[in-house]
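Residues per chain, in single letters:
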Amino acid sequence: MDNTLTEDNQLLLSIQSSDRNAYSRLFKKYYPVLCAYCNKFVSIEDSEEIVQDVMFWIWESRKKLTLEKSLSSYLFSMVRNKAFNKLTYWESRGKADTLFFEEMQDTIQQFDYYHSKELLEILKKALDKMPQSYREAFIKHRFGELSYKEIAKENGVSPKTIDYRIQQALKILRVELKDYLPLFYFLSTWHNGL
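Worth saying up front: this structure is predicted, and the values here are computed from it rather than measured.

Conventions adopted
Residues numbered from 1 in each chain as written. Predicted model: local features only at pLDDT ≥ 70, side-chain atom pairs only at ≥ 80, totals over all residues. Heavy atoms only, no water. Core = buried A, V, L, I, M, F, W, Y, C linked by side-chain atoms within 4.5 Å. Buried < 20%, exposed > 50% of the residue type's maximum accessible area, 1.4 Å probe, protein only. Helix = DSSP H or I, 4+ residues; strand = E, 2+ residues; numbered from the N terminus. Phe/Tyr/Trp six-rings, centres within 6.5 Å; stacked < 30°, edge-to-face > 60°. Axes fitted to C-alpha atoms, helices over the stretch in contact; angles between N-to-C directions. Parallel < 35°, antiparallel > 145°, perpendicular 65-115°, else oblique. Left-handed = near helix turned anticlockwise from the far one by under 90°. Contact = heavy atoms within 4.5 Å. Nonpolar A, V, L, I, M, F, W, Y, C, P; charged D, E, K, R; others polar. Salt bridge = Lys/Arg side-chain N within 4 Å of Asp/Glu carboxyl O.

Draft legend 1. Just the nonpolar core, in detail. Ranked by internal contacts, the top residues of the largest apolar core, which has 27 residues, are Leu-26, Leu-34, Cys-38, Val-51, Met-55, Leu-75 and Val-79. Contributions of two or more residues to this core are made by helix H1 (3-16), helix H2 (20-38), helix H3 (44-60) and helix H4 (71-110). Sorting elements by how many residues they give to this core places H2 first, with nine residues. Ranked by size, the runner-up nonpolar core spans 17 residues in total, among them Ile-162, Tyr-164, Leu-170 and Leu-177.

See the structure below:
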């Protein structure tokens with residue numbers, strides 16, 4: 001029998017008996033390799049969070065945990081599935097954010113010149129606060145109408161990296177523009193109602 005399999009089975013049995021040392025050994029053994037694997041799909045920050053969630057779940061569910069495959073396979077499958085769920089979430093969130101910012105731009109264009117200028121200045125200040133890589137990706141995509149692939153090619157990175165940068169830029173803008181969001185929503189609704 002494979003030594004890893006035997007060791008993992010022993011670790012799992014000990015963990016099921018609430019042995020914290022066994023859990024600690026499992027964590028040290030798998031955490032780095034699972035993070036590296038997960039990082040193929042999502043950012044390192046998200047990878048660490050996903051792997052921690054999986055490891056925490058293993059401890060929390062230890063009493064009722066029954067595996068039909070090896071512990072190693074189980075851990076890698078869980079991490080992969082959570083990474084794919086995260087990517088699906090980003091994709092749907094990105095679409096929602098795109099719609100919101102398109103509406104925001106329309107609202108700014110429909111508003112009178114003085115208010116448009118003021119709101120654009122607020123948007124510019126918010127953009128200036130974010131890291132350059134996020135700002136550039138966001139501006140090229142939203143205002144330059146370049147695709148993720150086109151921006152990725154220009155920057156020598158993957159489209160996934162550009163997606164991550166744009167999502168981070170949108171998070172920053174949601175925080176920076178939070179006081180103005182009701183105004184944007186109200187104006188958008190009001191104009192649509194005319």
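Draft legend 2. Quick peek at the packing of aromatic side chains. If you walk through the whole model with that rule in mind, you get eight aromatic pairs. For the pair Tyr-23 and Trp-59, a centre-to-centre distance of 5.0 Å together with 50 degrees between the ring planes defines the contact as tilted. Of the two residues, Tyr-23 sits in helix H2 while Trp-59 sits in helix H3, which places them 36 residues apart along the sequence. Just as Tyr-23 is buried, Trp-59 falls in that class too. Relative to Phe-41, the ring of Tyr-37 lies with its centre 5.4 Å away and its plane at 85 degrees, an arrangement referred to as edge-to-face. Here the two residues Tyr-37 and Phe-41 agree in accessibility, since each one is buried. Site record: aromatic cluster; members linked through ring pairs are Tyr-23, Phe-27, Tyr-31 and Trp-59.

Draft legend 3. Structural context of the packing of H2 against H3. Contact geometry for H2 and H3: axes closest at 9 Å, N-to-C directions at 150 degrees. With respect to H3, the element H2 is oriented roughly antiparallel. Note on packing geometry: the crossing formed by H2 with H3 is right-handed. On the side of H2, the interface is formed by Arg-20, Tyr-23, Leu-26, Phe-27, Tyr-30, Tyr-31, Leu-34, Cys-35 and Cys-38, while H3 contributes Ile-44, Ser-47, Glu-48, Ile-50, Val-51, Gln-52, Met-55, Phe-56, Ile-58 and Trp-59. Split by residue class, the contact of H2 with H3 holds 15 nonpolar, two polar and two charged.

Draft legend 4. Region of the structure containing the side chain of Ser-14. Relative to the helices and strands, Ser-14 is located in helix H1. Residues in contact with Ser-14, not counting those within four places in the same chain, are Asp-19 and Ala-22.

Draft legend 5. Representation of the pattern of salt bridges. Under the criterion given, the structure shown has five salt bridges. Lys-29 serves as the salt-bridge partner of Glu-7, at 3.8 Å between the closest nitrogen and oxygen. Taken together, the positions of Glu-7 in helix H1 and Lys-29 in helix H2 put the pair 22 residues apart, joining distant regions of the chain. Classification of Glu-7 by relative accessible area gives partly exposed; the value is 43%. With a relative accessible area of 29%, Lys-29 lands in the partly exposed category. Note that Lys-29 and Asp-8 form a salt bridge whose closest N and O atoms lie 2.7 Å from each other. Highlighted residues: Lys-29 in helix H2 and Asp-8 in helix H1, separated in sequence by 21 residues. Overlapping salt bridges bring together Glu-7, Asp-8 and Lys-29 as one network.

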